[in-house]
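Architecture and fold: a report
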Amino acid sequence: VKASIISDIVLDLAKMIRMNVIPEKELRSMVGKLNHAAGLLVQLRPFMESLWAALNSRLVTKPGCTWRKQILPALTFFHAFFTQEGKHMERYFSLEAFERKGIVVEIGTDASPWGLGGWISVGGRIVEYFSCPITALDVARYGHAIGCNKGQQLWECLAILVAVDLWPHIWGEKRMNILLKVISDNVTALTLLIKMRPDNAKMAIVARELALRLGKLSFPPDAVHTPGVSHKIADMLSRVYQPGKYME
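So, here's what we can say about the structure. (Residues numbered from 1 in each chain as written. Predicted model: local features only at pLDDT ≥ 70, side-chain atom pairs only at ≥ 80, totals over all residues. Heavy atoms only, no water.)

Moving on: a nonpolar patch on the surface. Taken together, Ile-103, Val-122 and Val-127 make up a surface patch of nonpolar side chains, about 190 Å² in accessible area. Locating Val-127 in the fold gives a position in strand 5 (residues 125–133). The exposure class assigned to Val-127 is partly exposed, which follows from its relative accessible area of 37%. (Patch = residues over 30% accessible without salt bridge, like charges linked within 9 Å, V, L, I, M, F, W, Y side chains within 5 Å. Areas by Shrake-Rupley, 256 points an atom, 1.4 Å probe, with all protein chains shown as cover. Salt bridge = Lys/Arg side-chain N within 4 Å of Asp/Glu carboxyl O. Helix = DSSP H or I, 4+ residues; strand = E, 2+ residues; numbered from the N terminus. Buried < 20%, exposed > 50% of the residue type's maximum accessible area, 1.4 Å probe, protein only.)

This part covers the pattern of salt bridges. In the structure shown here, the tally under the stated rule is 6 salt bridges. Among the ionic pairs, Lys-15 bridges to Glu-26, the shortest N-O distance being 3.3 Å. With Lys-15 in helix 1 (residues 3–18) and Glu-26 in helix 2 (residues 24–40), this residue pair connects regions lying 11 residues apart in the sequence. Lys-15 sits in the partly exposed class, given a relative accessible area of 38%. Judged by relative accessible area, Glu-26 falls into the partly exposed class, the value being 30%. The closest approach of N and O atoms between Arg-239 and Asp-235, which form a salt bridge, is 3.2 Å. The exposure class assigned to Arg-239 is partly exposed, which follows from its relative accessible area of 27%. Overlapping salt bridges, with partners in common, bring together Asp-165, Glu-209 and Arg-213 in one network.

Taking strand neighbours across the sheet as the criterion, the 5 strands line up as 5-4-3-6-7 in an open arrangement whose pairing is mixed. This sheet does not close on itself; its edge strands, each paired only once, are strand 5 and strand 7 (222–225). If you compare each strand with its neighbour and ignore which way they point, the axes differ by 20° on average. Note that strand 3 (residues 103–111) and strand 4 (residues 115–122) share 7 bridges and pair antiparallel. The partner of Ala-111 across the bridge, within strand 4, is Leu-116. Against the sheet, helix 7 (residues 152–166) makes contact with strand 3, strand 4, strand 5 and strand 6 (178–184), and its axis sits at roughly 145° relative to strand 3, the strand it touches most. Contacts from helix 9 (residues 187–195) reach strand 6 and strand 7 within the one sheet, and its direction differs from that of strand 7 by about 170°. (Pairing = 2+ DSSP bridges. Axes fitted to C-alpha atoms, helices over the stretch in contact; angles between N-to-C directions. Contact = heavy atoms within 4.5 Å.)

With that settled, consider unusual backbone geometry. A negative phi holds for most residues other than glycine; trans holds for most peptide bonds. Although it is not a glycine, Met-196 adopts a positive phi angle of roughly 55°. Along the chain, the position of Met-196 falls in the loop between helix 9 and helix 10 (201–214). The class of Met-196 is buried, set by a relative accessible area of 3%.

Across the interface, helix 2 lies against helix 3 (residues 49–56) with an axial gap of 11 Å and an inter-helix angle of 145°. The two elements helix 2 and helix 3 cross, and the hand of that crossing is left-handed. Together, Glu-24, Leu-27, Arg-28, Val-31, Leu-34 and Asn-35 of helix 2 and Leu-51, Trp-52 and Leu-55 of helix 3 make up the contact between the two elements. (Left-handed = near helix turned anticlockwise from the far one by under 90°.)

What follows is about helix 9. Where helix 9 is concerned, the buried positions are Ala-189, Leu-190, Leu-192 and Leu-193. Looking straight down helix 9, one finds that the buried residues subtend no more than 160° of arc, so they occupy a single side. Turning to helix 9, the residues buried within the fold contact helix 7, strand 6, helix 10 and strand 7. Its side-chain oxygen at 3.2 Å from the backbone nitrogen of Thr-188, Asn-186 defines the N-terminal cap of helix 9. Among the residues trailing helix 9, Met-196 stands out with phi positive, at a value near 55°. (Arc of directions from axis to C-beta. Polar contact = N/O pair within 3.5 Å; in protein donor to acceptor, adjacent residues only side chain to side chain.)

What follows is the structure in structure tokens.
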């Protein structure tokens, strides 16, 4: 990203954080610059959601303006990224990683309307696994009832986040010489992992957390789609908490 664009973004952010009401014209200009940066730094994309929502909202009390409170979390994140965290972030690109060589670490996940499950393998051998239920907290946060298939796409995305969050000591410890693969039978979850373009506000929550955890990887993980009939272990783990079901 050009230094001049970053400089403009930092100045715009510092100004808007101090304002109570932000003119739409100024906000749209800054969002355009951030969108340019997010085209190269895909981990920024999930944090754009609230800014686009503010620009496209028809529920405004002051025409042509946006209240700072609506978008303050996003403004704060971007300001911290471009002035603090981002300045100290380093990425290392090894020839082995570029040539897709090294130890293969695979994460396989699945979800059911009752729970999440997954495993991680190193060099083709599963070393750890997890199974957890969908809780009342998940229902309150994401708005999908336990046992309802309407939340399937979101639970699939959440399963990947849980797995990534659970095993950084394995996939992140030797990031220079591993080939990280995430395996799922859900195309939506794998697309979110790679493109970081959430379809709605609920998926944006998961995407933002994934971006924060995977942001320092030199290369994004490989997204591997597998047919559901071949994804038996993760499927069984996700159904441990299904009424009347037991893991065999």
